[in-house]
Amino acid sequence: MTATFWERKTFRLATLAVISVLVLGGLFLILRPDQPAAMPGERPFELEIREDGMNPEEVSVREGDRVTMSITSDRPFELHVHGYDLEQELEPGETTELSLEADLTGRFPMEDHDTEEELGVLVVEPR
Amino acid sequence: MPALARRAAAASVAVLLWSVPALADARPSLAHGFGQRYDLPVPLWLYLYGAAGAVLLSFVVFGLFVGERGAAHGYPRLNLLRFGFFRVTMASRAFVSGLRLASVALFVLVILTGLLGDQTPVLNLAPTIVWVIWWVGFSLFVALAGNLWAIVNPLKVVFEWADGLVRRLGVDEGLESDAPYPASWDVWPALALFFVFVWVELVFPGSATPRNIAFFILLYCSVTWAGMSLFGKEAWLRKGEAFSVFFSILARFAPTEVRVKGGKACEECDACESESEDEDCVNCYGCFVRATPGERELNLRPPAVGLLRSGGTSGGRLAFVVFMLASVTYDGLLATPLWVSGMFYLQSAAGSFGALGRLFYGTLGLVAVPLLFFGLYAGFVKLCQVMGGGAGFWGLAGAFAYSLVPIALAYQAAHYYTLLILEGQNLFALASDPFGWGWDLFGTGGYEVNVNVVGAAFVWYSQVALIVAGHVVAVYLAHAVALREAPSPKLALRGQLPMVALMVLYTVTSLWILSQPVVE
């Protein structure tokens, strides 16, 4: 009795697995966006750091891009980019360049290293 | 006669009182560097895909099992103790004693590093062990492998050692008093303590500070040992020890169980998964230890079947499960932009009150979200009752609660596994330098975390896959519960619809949280 019950159950579970794979596979093909063909490239950004944070607030690139940030600040401080663990001294009135190879995907806060205040965020999407 | 027990309880309370003033010294830690997460939010299309997949698969499960009569009471089991290999390893005294000793050693080390070590969270062993390895890693281990906590629980082991020592010194009654545990307390003490634990995790700003961790552990030790002295060790482990209750719920998902053949060993035991007294006693470690070797089984079983056994679902246990489900969601919700801006508006409207205000609003959320969750759950259970009939409201509420556990578990795994992989690496450096004093015991003191282990695309797909899989298991469990509880299969089919709707809601909420950027 128990055996037949579980044999029937095994059959149903196998059917369930097959249907699930078909349904999910079909749905995936329908919903998946076309992959952008853009090649990895040079991505320049001009960033302005003021009292209320960084402008623009988000630096968004794709994996493999080379990011060059030209940063101006209203105060002297050390900028820290998480994940990539970059540190850069900034002086008011000067434009400082900070470049990085975006080989790490994720959402990385950029903060004032002294106050640990989050100023903006570096977003690296997978290609 | 229970004079010694009372004195042991008093000593525990003394430990408690001693650690309270020390806690007042708690300063908010700089969370910087500890528990920092770099996960990208799941993209919108994948979120929609997961949600649509969950709904569609609900109907697949539904359609496949229509008309099935009566849920199985048995399930395939394989007794590992039949194999000599497992008898001489996992079931041997030496192996178990070794595990227990290692557990207590680590426990003592965590308290010492917390009290004496460097107070920077990433440089100290305590925060990584407690929050990453134990809370995230060990929880997943219990759910995916089996209830190791029942064996290695250091609070239990230390109490047993102390009790044995006292008996050897000639005090026959040991440390345990024979006062009965008040039946009306149910598992409410465990829930209250678990609430405090989750509050420390999610609301208390100094939760990553090593010294605070050590103090909270000592505080919890004193409460637990007082409880064990006053009401007996087993009673307190079943009803008052928050983590024993918590892990026993997670272990219902696990593909292993311990079982005592025949219900005799298991009188008055309401912690085990059995549904009636004449059944075998499942996953009750107190009974397992007392049983004769011939009665014992250590079984492999299909995962999640333990959640079908609703044995001992009292009001308190129902509240515990609902709080568990809600607190997992609250954890993720706290870091979503919606919650953060909502809190910002609430604080600008009602006043922010500085640091104390943050504590207040955090606590408010930790109370309100589970209450809201319970309200929703009760509403959907009521619908199930109206549509399907069967057991009374509370019977149904108790029966369906465990079927939601796989969704919470899947979310917890999806939400935290990257943290486990990344922050877990800190263990290499910490093993060489547990106190943060610059030691290099094993030559790994300089190990730096490799952030580039899993790519964002892999994380997205695995997160959505986990959530959808958890949902399917939950819908299947709800179906089996409905068949068991409803008077006829036809009514069961109608009666489970509202529960499936609630599951879709819960699953989509989990997915939505994962699709939001983490703002902390």
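Residues numbered from 1 in each chain as written. Chains lettered and ligands numbered in written order. Predicted model: local features only at pLDDT ≥ 70, side-chain atom pairs only at ≥ 80, totals over all residues. Heavy atoms only, no water.

1. Describing the sheet that holds strand β4 (residues 66-73) of chain A
Residue and element names in this part refer to chain A. Sheet architecture is open: four strands sit in the order β2-β1-β4-β7, paired in mixed fashion. Where the open sheet ends on each side, the last strands, each with one partner, are β2 (53-55) and β7 (95-101). Shown here is a sheet whose adjacent strand axes are inclined to one another by a mean of 30 degrees, direction ignored. In the sheet, β4 pairs with β7 via seven bridges, with the strands oriented antiparallel. (Pairing = 2+ DSSP bridges. Helix = DSSP H or I, 4+ residues; strand = E, 2+ residues; numbered from the N terminus. Axes fitted to C-alpha atoms, helices over the stretch in contact; angles between N-to-C directions.)

2. Topic: the interface of chain A and chain B
A common way to express how large an interface is: the accessible area buried when the components associate. If you look at the interface, chain A gives 35 residues, while chain B gives 40 residues. Taken together, the two surfaces of chain A and chain B that pack against each other cover about 3,000 Å², and 72% of this comes from carbon and sulfur. At the boundary of chain A and chain B, one finds five residue pairs in polar contact (both at pLDDT 80 or more). Looking at the side of chain A that touches chain B, the elements with two or more residues in it are α1 (2-31), β8 (106-112) and β9 (118-125) of chain A. Broken down by element, the residue count for the side of chain A that touches chain B peaks at 16 residues, all from α1 of chain A. (Contact = heavy atoms within 4.5 Å. Buried area = accessible area lost by both parts, 1.4 Å probe. Polar contact = N/O pair within 3.5 Å; in protein donor to acceptor, adjacent residues only side chain to side chain.)

3. With respect to the side chain of H471 of chain B
Residues and elements named next belong to chain B. Along the polypeptide, H471 turns up in helix α19 (residues 456-485). A polar contact is formed between the side chain of H471 and the side chain of T507, at a distance of 2.7 Å. The contacts of H471, once residues within four sequence positions are left out, are A54, S58, I407, M503, V504 and T507.

4. Overview of unusual backbone geometry
Residue and element names in this part refer to chain A. Residue P56 follows N55 across a cis peptide bond; omega there is -5 degrees. Inspection of the secondary structure assignment puts P56 in the loop between β2 and β3 (58-62). Positive phi, normally seen in glycine, also occurs at D85, with a value near 50 degrees. Position of D85 relative to the elements: it lies in the loop between β5 (77-81) and β6 (86-90). You can call D85 exposed: its relative accessible area is 54%. (Buried < 20%, exposed > 50% of the residue type's maximum accessible area, 1.4 Å probe, protein only.)

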